[in-house]
2 protein chains.
Amino acid sequence: MITFSEAITYIERATQGIRYPEQPPMLYEPMAYLLSLKGKKVRPALALLSCNLFREKVDDAIPIALAWEIFHNFTLMHDDVMDRADIRRGQPSVHKKWNENTAILSGDAMLILAYKYLAKSPVRHQRELLDLFSATAAEICEGQAYDMLFESRLDVKEEEYLHMIRLKTAVMLGAALKSGAITGGAPEKDKDLLYAFGLNLGIAFQIQDDMLDVYGDPSVFGKKIGGDILSNKKTYLLVNALNTKEESEKATLLRWLQAGGHPQEEKIAAITALYDRLLLKEKAHGKMEYYYRKAVRQLAQVNVPAGRKDVLLNLAQKLMNRNS
Amino acid sequence: MITFSEAITYIERATQGIRYPEQPPMLYEPMAYLLSLKGKKVRPALALLSCNLFREKVDDAIPIALAWEIFHNFTLMHDDVMDRADIRRGQPSVHKKWNENTAILSGDAMLILAYKYLAKSPVRHQRELLDLFSATAAEICEGQAYDMLFESRLDVKEEEYLHMIRLKTAVMLGAALKSGAITGGAPEKDKDLLYAFGLNLGIAFQIQDDMLDVYGDPSVFGKKIGGDILSNKKTYLLVNALNTKEESEKATLLRWLQAGGHPQEEKIAAITALYDRLLLKEKAHGKMEYYYRKAVRQLAQVNVPAGRKDVLLNLAQKLMNRNS
């Protein structure tokens, strides 16, 4: 059995082994740049660890694991253009370091590269992996579409928000785990359980991400605290605050969302205080726990000895206790 | 055997049969819009006709034919964003009718949709089709990259230009024909000959496209004559004009490329006259004929009765004699 850090080593070696054509550089340098930035590599690791539940050798899972990592980075490259996000993993995003056209086109080529890696999977799994990959990729685009549509809305319901993060973030974790199980030769039921484990873990993960933006420890949180607040980003906290029945709090919130000219710290402090008064940290924490426990129950049902599943359980715990 | 117009009917029926999810509309309406605009549908038709050389029933070629058509429209959606081209097939392009983010994201989802259709191909051909499709798609991105890089260069060589159009335009015709042959169960040699036929036909097609922009009949040419001249687009004609050894003509040309404030008609007339003096219409026509004849010779070698190939030969002739 392999450990999480061994899985990461496999992924890093495989990522470094990607041979990009030299020409034209505007197409391939941005891919190499983005993939070289320090990312968590959770998705490809999940694929390898899931495969490893069912067989010792994880080589067959490496192509699809790389496909997920490349695909994930493709979404970052295009999302950063669409969201006008100039920093990615502490470095200039591709459209800032190069330009928007380069980010669009290099991103397209990166999506195609993901399929090239998928196609290196064993032939016997190819159709199943291809269908899962394309279905998931389409859902992730839908999630990004909802996320953008929500920018101009003040009436997003909690349920709509949860549907959006399910599509944008959670399905990729579920599908990465399922794809690993496919290459490991798992039975249908276990594939579906691992998908559900990843899906619920992904929802918990995103709610926690929303919390870290407000309540994270500034000394360890990679980004500036309150970034989502400053950009009026629809997070689990903001969506719930907007749906409060306390009219005066809602009015205060709406004033802050439209306000300009205040010092940034003032807006962050005011909205954080409002979240505190509405007990939204507690609500978010409860929701996160709900999805996390659901995920753990699904993992528990996967039909392999409990000891084999510890690595995934520990990883899930680690993701839930992260500071950044 | 099916005729060209029967092939088009198959494609149109299949295109109309695409069922897009209803939600979110910003993702799926642009796809339906672009695919509904009147296009030539040459690429999917080539796939069906190529399959039909080797077997009567072309059903097995329909998924990959649709994949090419969807992929081609994806490239149009993204290229129009990158090229700031506001009109497509006489209608507003997607980023004008909606906005840039919508065109980026809907385009991404369209590329994924192309792979979904590819995956409906018979399993026995799937790996071969997947490899051909991804390799071709990556080359097309490379072609678009070169096309954009050439915008800021005045020293593009004829050879570089031909390499660019090979990647951007010609490989898709070759690959569409080859993919049809694959689903038709053709031997390797015939697959390669059909690829070469399409590749050379595609180069001839693009050189002709460049000529039509200048020398087309305004009453039948769909676009405004001289559009490429006004935008300083690197065409076969402009690249050759820039490489002229006649220094005074080159100086005249460079002045026009940098000039502003002149009436559009004046610039078009001046550059057309310069092309005429350098005999570039004749040169382009000769080059086009060269690639066209090469294409025809390769088709002639495909090992099926000559009568079966007439439909492709006629189509190639028609493409070379088009006015728009």
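Residues numbered from 1 in each chain as written. Chains lettered and ligands numbered in written order. Predicted model: local features only at pLDDT ≥ 70, side-chain atom pairs only at ≥ 80, totals over all residues.

1. Concerning the relation of the copies chain B and chain A
Then, in step 1: Relative to chain A, chain B is turned by 180° and slid 0.0 Å along the rotation axis, the superposed coordinates differing by an RMSD of 0.0 Å. Accordingly, the operation relating the two chain copies is best matched by a two-fold axis.
Then, in step 2: Comparing contact sets, 100% of the residues at the interface of chain B also lie at the interface in chain A, consistent with an isologous, same-surface contact. (Least-squares fit on C-alpha atoms with pLDDT ≥ 70 in both. Contact = placed C-beta atoms within 7 Å.)

2. Focus on the interface of chain B and chain A
Then, in step 1: Contact residues are listed per partner, giving 31 residues for chain B and 31 residues for chain A.
Then, in step 2: Mapped onto the side of chain B that touches chain A, the elements with two or more residues apiece are helix H2 (25–36), helix H4 (62–82), helix H6 (100–118) and helix H7 (123–151) of chain B.
Then, in step 3: For the side of chain B that touches chain A, the element with the highest residue contribution is H7(B), accounting for 15 residues.
Then, in step 4: Split by residue class, the side of chain B that touches chain A holds 21 nonpolar, five polar and five charged. (Helix = DSSP H or I, 4+ residues; strand = E, 2+ residues; numbered from the N terminus. Nonpolar A, V, L, I, M, F, W, Y, C, P; charged D, E, K, R; others polar.)

3. Brief notes about unusual backbone geometry
Then, in step 1: The omega angle of the peptide bond from A:Gln23 to A:Pro24 is -15°, so this bond is cis rather than trans.
Then, in step 2: By the element assignment, A:Pro24 lies in the loop between helix H1 (4–16) and helix H2 (25–36).
Then, in step 3: You will see that A:Asn232, though not glycine, has its phi angle at about 55°, which is positive.
Then, in step 4: Looking at the element boundaries, A:Asn232 is found in the loop between helix H10 (227–230) and helix H11 (236–242).
Then, in step 5: Its identity is not glycine, yet B:Lys41 carries a phi of approximately 55°, on the positive side.
Then, in step 6: Along the polypeptide, B:Lys41 turns up in the loop between H2 and helix H3 (42–52).

4. Examining the domain arrangement of chain A
Residues and elements named next belong to chain A.
Then, in step 1: For chain A, the assigned domains read domain 1 (1–125) and domain 2 (133–324).
Then, in step 2: Each of domain 1 and domain 2 has a C-alpha centre, and the two are 22 Å apart.
Then, in step 3: At the interface, 28 residues of domain 1 touch 27 residues of domain 2.
Then, in step 4: Broken down by secondary-structure element, the contributors of at least two residues to the side of domain 1 that touches domain 2 are helix H3 (42–54) and helix H4 (62–82).
Then, in step 5: Sort the elements by how many residues they give to the side of domain 1 that touches domain 2 and H3 lands first, with nine residues.
Then, in step 6: Taken together, the residues that form the side of domain 1 that touches domain 2 break down as 17 nonpolar, seven polar and four charged. (Domains from an automatic or database assignment.)

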